[in-house]
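Coordinate analysis (summary)
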Amino acid sequence: MNKIERQNNWTNYWKNNSVDSCRDGIKAKASQLENFWAETAEMIKNNDQVLDLCTGKGDVIQQLISYQLGEDKALAHYTGVDLSDMDSRVIEKKFGSYKDKVRFKYGTHISDLPFEEKTFEFVTSQFGIEYAFNENVIKEICRVMKSKGIARFATHHKESALIKVAKQEIQHIDLLSEKGGFFDCMKSLIPVFAKLRNPANAKKINKDQKAISAREQFNSESQKVITQAEKSSVPDLLQESLSFSRQVFDIAKIKGASAAKDKLISYHNELNLSKERMIDLIDSSLDKVDLEKLDKSFVTYGKKITKKEELKNDGEIVAWGIEIS
Ligand SMILES: C[S@@+](CC[C@H](N)C(=O)[O-])C[C@H]1O[C@@H](n2cnc3c(N)ncnc32)[C@H](O)[C@@H]1O
């Protein structure tokens, strides 16, 4: 994905999704990812400057603040940057009475950080920085960090549960989008439901060979989706698509074919964007060899990886926890 495609895709994601964090897939409270951020909060001192890279809607900042408040510490100063285009004032508002301690800079690529040299005591990132790691980015991070500054990143791990889920979801989107598959069959059946706007058509449709065959094909594709959902450990998307088809047919019956087709096209587009993000996620995830390369690059700029651990949740890897100082 190039820079503009990635920017547009994430801007669209944050605008359209109610989910606040990319970590929402990891539900258990006992997650070592939570511990990683709790530990980070403990290291941060009052009035430190903290920079959260690829911040999204500021989930890491929110977590660090809540840990600091829980320990009755005075808050540090937080800055979040992200490539996507969001209104920083809206996100800052989310932080309510602490908003004076928090600022966001959107539309900012992390290879070109708009800050003076040696500004930050801490640099953090959760499931973000790995999308953009290259020499320029590493140089920038080291430039804006104070000499004794520390960076703590939670990144995607090649063997993580999230990667396994992403791979399955991609397969599910491919199944739904196959030529002549579930979405194509939905499209063919929409005009049939649209005719039912006029109840007098019901009898005719029951005898119409084209309508009968469209219904049979749709039922057969639905069955494939049901079978796949039964086999999958992450069936949500498939189940959602099955219930989405019922919504679309209802729209066709009430508002007509064109409104129903628009709804289907926009849903399918969203899934395609989601697939691109998941491919990007898989490509960006890191293994041990990637970490060694990363370490070598940081050494060039006077820093190095001082800690790396596999963060787990219920025994499954969810991320790398990396510390650079
Ligand atoms: C998976 S989300 C993580 C967001 C947030 N850290 C969280 O945990 O909720 C990845 C974020 O990285 C941002 N991103 C990707 N490439 C970037 C880049 N080169 N510079 C800045 N942000 C980038 C995206 O816009 C997106 O908001």
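Residues numbered from 1 in each chain as written. Predicted model: local features only at pLDDT ≥ 70, side-chain atom pairs only at ≥ 80, totals over all residues.

**Side note on the overall build of the protein**
Each helix and strand counted, the protein has 12 helices and 7 strands in total. Dimensions of the protein along its principal axes, counting C-alpha atoms only, are 80 × 40 × 35 Å. For the protein, buried positions account for 34% of its 325 residues. Taking contacts inside the protein between residues at least 6 apart in sequence as the whole, the part at least 24 apart equals 73%. (Helix = DSSP H or I, 4+ residues; strand = E, 2+ residues; numbered from the N terminus. Buried ≥ 20, exposed ≤ 12 C-beta atoms within 10 Å, placed from the backbone. Contact = placed C-beta atoms within 7 Å.)

**Quick word on the packing of helix α7 (residues 182–195) against helix α10 (residues 236–255)**
The geometry of a pair of packed helices is captured by two quantities: the angle between their axes and the separation between those axes. In the contact formed by α7 and α10, the axes pass within 8 Å of each other and the chain directions differ by 25°. As summarised for this structure, α7 and α10 are arranged roughly parallel, according to the angle between their axes. Taken as a pair, α7 and α10 cross one another with a handedness that is right-handed. Taking contact as the criterion, the partners of Phe182, Met186, Leu189, Ile190, Phe193 and Ala194 in α7 are, on α10, Ser241, Ser245, Val248, Phe249, Ala252 and Lys253. Here the contact of α7 with α10 is built from residues that sort into 9 nonpolar, 2 polar and 1 charged. (Axes fitted to C-alpha atoms, helices over the stretch in contact; angles between N-to-C directions. Parallel < 35°, antiparallel > 145°, perpendicular 65-115°, else oblique. Left-handed = near helix turned anticlockwise from the far one by under 90°. Nonpolar A, V, L, I, M, F, W, Y, C, P; charged D, E, K, R; others polar.)

**Considerations on the domain arrangement of the protein**
How big an interface is tends to be expressed through the accessible area that disappears when the partners come together. Assigned domains within the protein: domain 1 (3–160 + 285–324) and domain 2 (162–280). Spacing between the C-alpha centres of domain 1 and domain 2 amounts to 38 Å. In this assembly, 12 residues from domain 1 lie in contact with 7 residues from domain 2. For the side of domain 1 that touches domain 2, the element with the highest residue contribution is helix α1 (residues 3–16), accounting for 4 residues. Class assignment of the residues belonging to the side of domain 1 that touches domain 2 gives a composition of 3 nonpolar, 6 polar and 3 charged. (Domains from an automatic or database assignment.)

**Focus on the packing of α10 against helix α11 (residues 257–284)**
Running from N to C, α10 and α11 cross one another at 155°; their axes reach a closest spacing of 7 Å. Viewed along their axes, α10 and α11 adopt a mutual orientation that is roughly antiparallel. Here α10 runs over α11; the crossing is right-handed. Residue-level inspection shows Phe244, Val248, Ile251, Ala252 and Lys255 of α10 in contact with α11, the latter providing Ala257, Ala259, Ala260, Lys263, Leu264 and Tyr267. For the contact of α10 with α11, a count of residues per class yields 9 nonpolar, no polar and 2 charged.

**Some points on the sheet that holds strand β7 (residues 316–324)**
Overall, mixed pairing links the 7 strands, which are arranged β3-β2-β1-β4-β5-β7-β6 in an open sheet. Each edge of the open sheet is held by one strand with a lone partner, namely β3 (102–106) and β6 (305–313). For this sheet, the mean angle separating the axes of adjacent strands, direction not counted, is 15°. The sheet contact formed by strand β1 (residues 49–53) and strand β2 (residues 77–82) spans 5 bridges and is parallel. Residue pairing for β2: Gln49 is matched across the bridge by His77. (Pairing = 2+ DSSP bridges.)

**Some thoughts on the pairing of strand β5 (residues 145–155)**
With 8 of its 11 residues buried, β5 lies for the most part within the structure. Direction of pairing for strand β4 (residues 120–126) relative to β5: parallel, over a ladder of 6 bridges. Opposite Gln126, over in β5, you have Ala154 as the bridge partner. What joins β4 to β5 is helix α5 (residues 135–144), and the crossover it makes is right-handed. (Right-handed = clockwise from strand over helix to strand, strands pointing away.)

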